[in-house]
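One letter stands for each residue in the lines below.
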Amino acid sequence: RVMGNNPSRFQGEPKRPVEHVSWDEAVEFCRRLSELPGEKLARRQYALPTEAQWEYACRAGNPGRWWFSTQPNPVPVDAEKEFVIPCAWIGANSGGQTHPVGQMRANAWGLHDVYGNVWEWCQDRYDGGYYATSPTDNPTGPQGGSHHVIRGGCCNDLAMGCRSAHRAGNSPESRNGEIGFRVALLQPDK
């Protein structure tokens, strides 16, 4: 409705995540959503979350590998998969396709599908070594780089590729059936 088209490979169910979206298209969606009359009237603005905001929301206050476990160390891969399946559409249960959002367990803050289903674009540029030297409070990513961060894993990943801290980068022009996005509502200045 906002963009006038749905580029997704998987159509027919309106609650499926939109995929085949480039980073630029995700940013443009946020801009257009913010410009809708009702959103402007309510002073709501939307953007892609920073990588730090994405992980903070994903973890929902939990410091462990997963939002549902405080276990800091990896458990065996087969056991990890069994814990993740009720919470995420991954390669082991997705049939290689996305699924309507909200069918799996939500994290403690009520967010669904933070693991699996589709990778989610973040605002930040990607640098594999960024966190070795980044600020500890609300880092905003490196200033340069040719790729942008994607988080959360997708419907074709192994469980271990979807954990809270797992991160990757992709070209902002990239469009495929594994990348979508989640929007953040920006708080107006008070």
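Here the structure is shown first, and the text comes after it.
Rules used in this analysis
Residues numbered from 1 in each chain as written. Predicted model: local features only at pLDDT ≥ 70, side-chain atom pairs only at ≥ 80, totals over all residues. Heavy atoms only, no water. Phe/Tyr/Trp six-rings, centres within 6.5 Å; stacked < 30°, edge-to-face > 60°. Buried < 20%, exposed > 50% of the residue type's maximum accessible area, 1.4 Å probe, protein only. Pairing = 2+ DSSP bridges. Helix = DSSP H or I, 4+ residues; strand = E, 2+ residues; numbered from the N terminus. Axes fitted to C-alpha atoms, helices over the stretch in contact; angles between N-to-C directions. Expected span 1.5 Å × (residues − 1). Contact = heavy atoms within 4.5 Å. Disulfide = S-S within 2.5 Å. 1 Å grid on protein atoms, 1.4 Å probe; cavity = no way out; pocket = protein on both sides within 12 Å on 5 of 7 lines; lining within 4 Å. Points joined across faces, edges and corners; volume = space filled by probe spheres on them. Nonpolar A, V, L, I, M, F, W, Y, C, P; charged D, E, K, R; others polar. Polar contact = N/O pair within 3.5 Å; in protein donor to acceptor, adjacent residues only side chain to side chain.

Peer 1: Would you mind showing me how to read the packing of aromatic side chains here?
Peer 2: Each pair of aromatic rings is reported with the distance of its centres and the angle of its planes. Per the counting criterion, the structure on display carries 6 aromatic pairs. Ring geometry for Trp67 and Phe68: centres 5.4 Å apart, planes at 85 degrees, overall edge-to-face. You can call Trp67 buried: its relative accessible area is 8%. Take Phe68: its relative accessible area is 22%, and that puts it in the partly exposed class. Ring pairing ties together the aromatic residues Trp66, Trp67, Phe68 and Tyr115, which thus form one cluster.

Peer 1: Looking at this structure, I do not really get the sheet that holds strand E5 (residues 179-181). What am I missing?
Peer 2: Whenever strands of a sheet pair, they do so through backbone hydrogen bonds, lying parallel or antiparallel. Spatially, 4 strands are ordered E4-E3-E2-E5 in an open sheet, and the strand pairing comes out mixed. Looking at the sheet topology across the chains shown, the edges are occupied by strand E4 (167-170) and E5. Between one strand axis and the next, the sheet turns by 50 degrees as a mean value, whatever way the strands run. Taken together, the 3 bridges between strand E2 (residues 119-125) and E5 define a ladder with parallel strand orientation.

Peer 1: I would appreciate a short explanation of helix H1 (residues 23-35) in the present structure.
Peer 2: In an α-helix there are 3.6 residues to a turn, and that puts residues three or four apart on one side. Taking 1.5 Å per residue, 13 residues should reach 18 Å; H1 reaches 19 Å between its end C-alpha atoms and fits that length. Buried residues along H1 sit in contact with helix H2 (37-41), strand E1 (45-47), E2, strand E3 (148-151) and E5.

Peer 1: Honestly, the state of the cysteines in this entry has me stumped. Any pointers?
Peer 2: What makes a disulfide is a covalent bond joining the sulfur atoms belonging to two cysteines. Under the criterion given, the structure shown has 0 disulfides. This cysteine, Cys162, is not joined by any disulfide, and Cys154 carries the nearest cysteine sulfur, 6.8 Å off. Taking the relative accessible area as the measure of exposure, Cys162 reaches 0% and is therefore buried.

Peer 1: Where do I start with the layout of surface pockets in this structure?
Peer 2: By rolling a water-sized probe across the atoms, one finds the places where empty space is left. Its volume calculated, the largest pocket comes out at about 780 Å³. In terms of lining, the largest pocket is formed by 33 residues, of which the most central are Arg16, Pro17, Val18, Phe29 and Phe181. Counting only elements with at least two residues in the lining of the largest pocket, the list comes to H1 and E5. Looking at side-chain class alone, the lining of the largest pocket contains 13 nonpolar, 11 polar and 9 charged residues. Of the voids in this model, the second largest pocket is the one considered here, and its volume is about 200 Å³. In terms of lining residues, the second largest pocket is bounded by Pro49, Gln53, Trp54, Ala57, Trp109, Leu111, Arg182, Val183, Ala184 and Leu185. If you list the elements that add at least two residues to the lining of the second largest pocket, you get helix H3 (51-59) and strand E6 (184-186). The class makeup of the residues in the lining of the second largest pocket is 8 nonpolar, 1 polar and 1 charged.

Peer 1: Hey, could you run me through the side chain of Asn117 in this one?
Peer 2: Following the sequence through the fold, Asn117 ends up in the loop between helix H4 (77-84) and E2. Under the relative-accessibility criterion, Asn117 is labelled buried at 1%. Of note is the side chain of Asn117, whose polar atom sits 2.9 Å from the backbone nitrogen of His99. Among residues more than four places away in sequence, those in contact with Asn117 are Pro17, Trp89, Thr98, His99, Val101, Cys154 and Cys155.

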